[in-house]
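# Commentary on secondary and tertiary structure
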Amino acid sequence: MLSRASGALTGFATLPRWWGGLNGARRSMGSTSSRRSPPKALVAKGADLGRLKAEVVAGGYPDHVLTGRQLTDVELVLTGAFSPLGGFMNKSQYESVVKRSELPDGTLWPIPITLDVSAEIAEKAKKTKKISLRDDEGRLIAVMDVEDIWKADKDMEAREVFGTTDIKVPGVAYLKYKAGDWNVGGRIVGAELPVHYSHKALRGTPQLMHAKFDSMKWNKVAAFHSRKVLTLLDREALTSVASNAGAKLLIQAEVGLDPIYHSKVKCLTKIMPTFEPNTAMLSLLSLSQRGIGLRDQLLKCIVARNHGCSHFIADVPRPLFSQLEKMGGKAGVDVLGLPKMAYVKNHRKYYNINAVPDGEPSHTISESELETLLRNGKHIPEWLLPSSAVSVLKRIYPPNSQKGVCIFFTGLSGSGKSTIGNQVCQQLMEDATRQVVMLDGDVVRHNLSKGLGFSKEDRDLNILRIGFVASLITKCGGAVICAPIAPYANIRRKVREMVTESGGLFVQVHVATSLEECEKRDTKGLYAKARQGKLKNFTGIDDPYEIPKNSEVSIRTEGKTIEQSADQVWQYLVANGIVDSKN
């Protein structure tokens, strides 16, 4: 389910006006007792769309290519899932939400929805007052009327909104590593919704869900948000809580920025037929993960309400649930807790974990335990998942020996990266369980990065190109050996993200040969030229090498043979199940 979070009221610098006693000036989003009208979609149609496109051509507006998270945000704004927002927040809205979790008019809104951009786009937007928002294929998705442009204070936002600067929280990691330095705020008008090539029948806008509920006479609907695959234990828990509330069930699978959501959705479609007829429905939601606390849950409540739901089912710790339950009405829903279930084999029946008959052994398996069973090829009992779902899950969670792997060597010039990498490459080829590719730094510069220089910008681009290719190889289950210098920690982290987000394993090997030893070797004469001033920006001489702090393997090559150094890498691969020691 959802990650466990602290029960503290995280993220509120000052208590919002809608929190606390009845005397506060609190603005409600409406009663949960009756069906509301669906929010208005913000996509232009017919003649209005034609005028919008003509305006973009005539105005010469700067183009901003939306990131993956921004694309999901735009979709939710345009469909009305983020109502009452009509665009990306302007500065006054942003500051109010960050400090008080409410819009300037007092309406509950817990998370800032901002458009972060580069300094270049921010400067252009100041002049044109409008910008075109496009996807990575160049489609015009929306046009923004620019109201405010301001420099982002990312650390402040992380502390206020998420209560931490820990990058383990997705929203904090985005702010720290991916967000642009400037925010642009203003209302948007849509040209078209972002394109989805799969599962189109499962994607329900608020307008469509309202219409479905009306046609099916579903007057009360409880929403449940999940980024995981549901088990039969989850089915029983959800059925129980929805039934007790007299509600039908809408499972909104959060698929925003999930690289393996296709397989998860396929597994969910195997579970849905096990619900009683006309009691549950599956819908996909392009919501990107941000936090794990109270604010995040409140945002989900608002999204559920906009989709026509009267209730929201939260799987959170008790202290957090108590806070959420009090505040759910301000988001427009009644909040329900999710009970924990267990299976009693002797009865062939599911029970609330607190109501298991005395003396009867019961069984339950957590999400992490299920993943461990799958990765180790263990049996998954039928009471937990249908066999059709298990076969899908085994492809999502293969053992490490069947996953793609990137072995990323980094170190000074002359440290031995390429030599050791080639030795490991040969061993992987002999292992014969994967296709193997070697991406040596010099070879890449002669081909993939021909024409790039050695400025910091060009070096970064070179490494990012290597990372992009490596991520494609690992996504297809191959092994790739990379051996660039890669002196900068931030770029090494981005490459790690590229590979792991594609589903591959990332093994960073720091070849920690000393500068003195590298200068002694100097097989290409580069250090001598750098010392003479003939080579500028040379790593280790007049440009820094940022020593890695998170390498899986670190090798000091002095006094070691090539085989001994390569064996350090090989032993790591064996110990972590990436290769089989028997091969």
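Being a predicted model, the structure only gives us computed values, none of them experimental. (Residues numbered from 1 in each chain as written. Predicted model: local features only at pLDDT ≥ 70, side-chain atom pairs only at ≥ 80, totals over all residues. Heavy atoms only, no water.)

Our next topic: the pairing of strand 12 (residues 334–337). As defined by bridge partners, strand 11 (residues 311–314) adjoins strand 12 across four bridges and the pair is classed as parallel. Note on strand 12: the bridge partner recorded for Ala314 is Gly337. For the crossover from strand 11 across helix 11 (residues 318–331) to strand 12, the handedness is right-handed. (Pairing = 2+ DSSP bridges. Helix = DSSP H or I, 4+ residues; strand = E, 2+ residues; numbered from the N terminus. Right-handed = clockwise from strand over helix to strand, strands pointing away.)

We now examine the side chain of Ser288. Within the secondary structure, Ser288 is located in the loop between strand 10 (280–285) and helix 10 (294–306). In terms of polar contacts, Ser288 uses its side chain to reach the side chain of Thr72, at 2.8 Å. Leaving out residues up to four positions away in the same chain, Ser288 has contacts with Arg69, Thr72, Arg227, Gly256 and Leu257. (Polar contact = N/O pair within 3.5 Å; in protein donor to acceptor, adjacent residues only side chain to side chain. Contact = heavy atoms within 4.5 Å.)

Position of Glu192 among the secondary structure elements: in the loop between strand 7 (182–190) and helix 7 (206–216). Judged by relative accessible area, which is 31%, Glu192 ranks as partly exposed. Linking Glu192 and Lys266, residues 74 residues apart in sequence, is a C-alpha distance of 27 Å. Beyond its immediate sequence surroundings of up to four residues, Glu192 is in contact with Val43, Leu78, Arg139, Leu140 and Ile141. (Buried < 20%, exposed > 50% of the residue type's maximum accessible area, 1.4 Å probe, protein only.)

Before going further, it helps to examine the sheet that holds strand 17 (residues 479–483). Taken in spatial order, the five strands make up an open sheet running 16-17-15-18-19, and their pairing is parallel. The open sheet terminates on both sides in strands that have one partner only, identified here as strand 16 (436–440) and strand 19 (553–555). This sheet shows a mean twist of 15° between the axes of neighbouring strands, independent of strand direction. Relative to strand 17, strand 16 is paired through five bridges, and the arrangement is parallel. Across the sheet, the residue bridging to Leu439 is Cys482, located in strand 17. In the packing of helix 17 (residues 489–501) onto the sheet, contacts are made with strand 15 (405–410) and strand 18 (505–511), and the angle to strand 18 comes to roughly 150°. Here helix 20 (residues 562–575) sits on the sheet in contact with strand 15, strand 18 and strand 19, set at roughly 170° to strand 19. (Axes fitted to C-alpha atoms, helices over the stretch in contact; angles between N-to-C directions.)

Next up on the list: the packing of aromatic side chains. Enumeration according to the criterion identifies seven aromatic pairs in this entry. The interplanar angle of 55° and the centroid separation of 5.0 Å between the aromatic rings of Tyr343 and Tyr350 together place this pair among those described as tilted. Assigned by exposure class, Tyr343 and Tyr350 land together as buried. Plain terms: the ring middles of Tyr343 and Trp383 are 5.4 Å apart, the flat faces sit at 10° to each other, and that makes the pair stacked. Of this pair, Tyr343 sits in strand 13 (residues 341–344) while Trp383 sits in the loop between helix 12 (367–375) and helix 13 (387–396), and the two are 40 residues apart along the sequence. The pair formed by Tyr343 and Trp383 is uniform in burial state, with each residue classed as buried. One aromatic cluster is present, formed by Tyr343, Tyr350 and Trp383 through successive ring pairs. Above the face of the Tyr174 ring, Arg69 is positioned so that its terminal group lies 3.8 Å from the ring centre. The lysine or arginine in question, Arg493, covers the ring of Tyr177, its NZ or CZ lying 3.4 Å from the ring centre. (Phe/Tyr/Trp six-rings, centres within 6.5 Å; stacked < 30°, edge-to-face > 60°. Lys NZ or Arg CZ within 6 Å of the ring centre and 35° of its normal.)

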